[in-house]
Amino acid sequence: MTERTDSRRPAGANAPALLIAGCLLVSTAVATQTRVTSASVTLFEGARLIAGDGSTPIERSAFLVDNNRFTRVGRAGAIELPAGAARIDLTGKTVIPALIDAHSHIGYMKDLTSGPQNYTRENILDHLHRFAYHGVAASQAMGSDFGDLPYQLRDEIQSGTYPEAARFLSAGRGLAPPDEVRPDNMRHSAYAIRTEADARRAVRELAARKVTIVKTWVDDRGGSIRALAPNLYGAILDEAHKQNMRVAVHATGLADAKGLLQAGIDIFAHMIADVDDELVALFAQHPRTSVLLALGGPRRTIYAPWIDPPHPLVVETVSPKQIERLRNRLAGARPDALAQGRASWERLASGIRRLNAAGVRIGVGTDGGGQTGDQFVGWTMHTEMENMVAAGMTPAQVLVAATRTSAEILGLDELGMVAAGKSADFVVLDANPLDDITNSRKIASVYLRGKQVDRARLRAAWDGGGRAN
Ligand SMILES: [Zn+2]
């Protein structure tokens, strides 16, 4: 409070102290002291603005950022430049809210390897900077985390220690049927759930870590394992809801999906393989249940023009060996595998069209950073949005899914929209993604918490996909 009192004094003898106070404080009392806050207030003018809520874009917008918040949003000319504030001309650009990836696996992938041996502070932070580089403000790791590290990093990022990193949300250790838990996969850290007591104990441990979304697997993996039984996922759901947590599930089978909807599941982390009338009716009875699609895996085999030649964003962030490996894998796909890939994609796409037409809440979760090593961290956000449009959603719907809806799904009240009061996290694009969703890749600049991310510095440190630190 003493700084605030100081800042109200007439400018004069104590000027350096006033500047320091102005940088540190966010308050209306300080905001009126334009000499103090001038460096932290910026008017962005002239861009086409897509606000994130599906409203008609403002063709020539203006918005004011004070420190880390949007304070006013409107048309160019309607918002005056506050005395002493900076002005940035965005004429010809398009602004969207920073994107949100609601399903990822953070810290595993590193060059040609992917596994728990790579799960270090350095590698997790590297991934969170890759998300930021791609315009992603927050990423939810889905059940592959372990130890104290994810919670420490989550809290450090939240408190501002790494201002250029995307926010890190962690589901901690997931809850899996015992057959899923093996040392060589991303369930190695999962709780093996054999009894309802196991389920409740695990959920309570996660609640103590302030986890908000619990991840579980309910899938027999094509009949190769015993799926988690309904009484066990029922116990997970019941305990999580008692703890004010939500549950995300890996379940792609139609029968499992119906059972989970009836039991009150909150989030499907993957698209369900088949959709029928009964499933659509169950979604109508559970309108708060969300579906993340994770289409990269199913579609990459049959459609990945961005790898040959590699898109500039891929060249800038992925090692040449990783690019080469994916190209070889795709080139080596056998005709029967391609035919099967096309058939399963058509099935998924027709199901997505049905759910979308029925108004089911669809967010964006990419499964980026996953085990195969081909789900390039950050980049998958952009291919996922393209895949969603290819499945039959409009670019406008996909942009809402990737911003406001995904923020809601993750409980991130301050993200997902360019609107007064929200955190100033946004992406400046060179072209309009409503015309062509792949324009989301034409990134001019990224702002997180009101500050521009130094993408050139990150890019230089990666030096064509190498390490950032
Ligand atoms: Zn996953």
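Residues numbered from 1 in each chain as written. Predicted model: local features only at pLDDT ≥ 70, side-chain atom pairs only at ≥ 80, totals over all residues. Heavy atoms only, no water.

Draft legend 1. Examining the coordination of the zinc ion more closely. Around the zinc ion, the protein supplies His103 (NE2), His105 (NE2) and Asp367 (OD) as donor atoms, at distances of 2.0 to 2.2 Å. Each donor residue of the zinc ion belongs to the same chain, and together they define the spacing H-x1-H-x261-D. Here Asp367 lies in the loop between strand S18 (361-363) and helix H15 (379-391) and His105 lies in the loop between strand S7 (99-104) and strand S8 (109-110), a separation of 262 residues in the sequence. Asp367 matches His105 in its accessibility class, with the two residues each being buried. (Donors = N, O, S within 2.8 Å, 3.2 Å for Na, K, Ca; no water. Helix = DSSP H or I, 4+ residues; strand = E, 2+ residues; numbered from the N terminus. Buried < 20%, exposed > 50% of the residue type's maximum accessible area, 1.4 Å probe, protein only.)

Draft legend 2. Highlighting empty space enclosed by the protein. Per the stated rule, a full pass over the model turns up three cavities of 30 Å³ or more. In this model, the second largest cavity occupies a volume close to 80 Å³. What lines the second largest cavity is Gly296, Arg299, Arg300, Tyr303, Trp306, Asp374, Phe376, Trp379, Thr380, Thr383 and Asn387. Of all the secondary-structure elements, those providing two or more residues to the lining of the second largest cavity are helix H11 (296-300) and H15. Sorting elements by how many residues they give to the lining of the second largest cavity places H15 first, with four residues. In the lining of the second largest cavity, the residues fall into four nonpolar, four polar and three charged. (1 Å grid on protein atoms, 1.4 Å probe; cavity = no way out; pocket = protein on both sides within 12 Å on 5 of 7 lines; lining within 4 Å. Points joined across faces, edges and corners; volume = space filled by probe spheres on them. Nonpolar A, V, L, I, M, F, W, Y, C, P; charged D, E, K, R; others polar.)

Draft legend 3. Region of the structure containing the environment of Gly107. When you line up the elements, Gly107 lands in the loop between S7 and S8. The class for Gly107 is buried, based on a relative accessible area of 0%. Each C-alpha atom, one on Gly107 and one on Leu43, is 37 Å from the other, the two residues being 64 residues apart in sequence. Aside from chain neighbours lying at most four places away, what touches Gly107 is Asn118, Tyr119, Asn123, Ile124 and His127. (Contact = heavy atoms within 4.5 Å.)

Draft legend 4. Just the pairing of strand S1 (residues 41-45), in detail. Here S1 lies mainly inside the structure; five of its five residues are buried. Here four bridges tie S1 to strand S5 (residues 86-89), and the two strands are oriented parallel to one another. Paired with Glu45 across the bridge in S5 is Asp89. (Pairing = 2+ DSSP bridges.)

Draft legend 5. Representation of the sheet that holds S7. Spatially, S7-S10-S11 is the arrangement adopted by the three strands of the open sheet, whose pairing is parallel. In the strand order of this sheet, the two ends are held by S7 and strand S11 (167-170), each with one partner. Within the sheet, the average angular offset between the axes of one strand and its neighbour, ignoring direction, is 15°. Relative to S11, strand S10 (residues 136-141) is paired through four bridges, and the arrangement is parallel. By the bridge assignment, Ala141 is partnered in S11 with Ser170. (Axes fitted to C-alpha atoms, helices over the stretch in contact; angles between N-to-C directions.)

Draft legend 6. Structural context of the layout of surface pockets. The volume enclosed by the largest pocket comes to roughly 610 Å³. Taken together, 27 residues form the lining of the largest pocket, with Arg221, His250, Thr252, His270 and Asp367 sitting closest to its centre. Going through the elements one at a time, strand S14 (213-217), H11 and helix H14 (335-357) are the ones with two or more residues in the lining of the largest pocket. Broken down by class, the residue content of the lining of the largest pocket amounts to nine nonpolar, 11 polar and seven charged.

Draft legend 7. Layout of the packing of helix H7 (residues 196-208) against helix H8 (residues 230-242). Contact pair H7 / H8: the axes reach a minimum separation of 8 Å and the direction vectors enclose 30°. Judged by the inter-axis angle, H7 sits roughly parallel to H8. Helix-helix and strand crossings are classified by hand; for H7 and H8 the assignment is right-handed. Residues Glu196, Ala199, Arg200, Val203 and Arg204 of H7 touch H8, and the partners they reach there are Asn231, Leu232, Ala235, Ile236, Asp238, Glu239, Ala240 and Lys242. Tallied by class, the residues present in the contact of H7 with H8 amount to six nonpolar, one polar and six charged. (Parallel < 35°, antiparallel > 145°, perpendicular 65-115°, else oblique. Left-handed = near helix turned anticlockwise from the far one by under 90°.)

Draft legend 8. Local environment of the confidence of the model for the protein. Of the residues in the protein, 90% have a pLDDT of 70 or more, and the chain-wide mean is 91. Scored below 50 in pLDDT, residues 1-38 shows 35 contacts in the model against residues more than four places distant or in partner chains. (pLDDT = per-residue confidence, 0-100.)

Draft legend 9. Summary view of unusual backbone geometry. Here the amide bond leading from Asp308 into Pro309 is cis, since omega sits at 0°, within 30 degrees of zero. With respect to the helices and strands, the residue Pro309 is situated in the loop between H11 and helix H12 (312-317). If you check the backbone angles, Asn244 has positive phi at about 65° while not being a glycine. With respect to the helices and strands, the residue Asn244 is situated in the loop between H8 and strand S15 (246-250). A positive phi angle, near 50°, is found at Ala294, a position not held by glycine. Here Ala294 is to be found in the loop between strand S17 (290-292) and H11. Given a relative accessible area of 6%, Ala294 falls into the buried group.

Draft legend 10. Up close: the pattern of salt bridges. As enumerated under the stated definition, the model contains 29 salt bridges in all. Between Glu59 and Arg48 there is a salt bridge, with the nearest N and O atoms lying 3.0 Å from each other. With Glu59 in the loop between strand S2 (48-49) and strand S3 (61-66) and Arg48 in strand S2, this pair connects stretches of sequence that are 11 residues apart. Notably, a salt bridge pairs Glu180 with Arg221, separated by 2.9 Å at the nearest N-O pair. A residue pair is termed long-range when its members are at least 10 positions apart, and Glu180 in the loop between strand S12 (175-176) and strand S13 (191-192) and Arg221 in the loop between S14 and H8 qualify at 41 residues. When its relative accessible area of 3% is taken as the criterion, Glu180 is described as buried. (Salt bridge = Lys/Arg side-chain N within 4 Å of Asp/Glu carboxyl O.)

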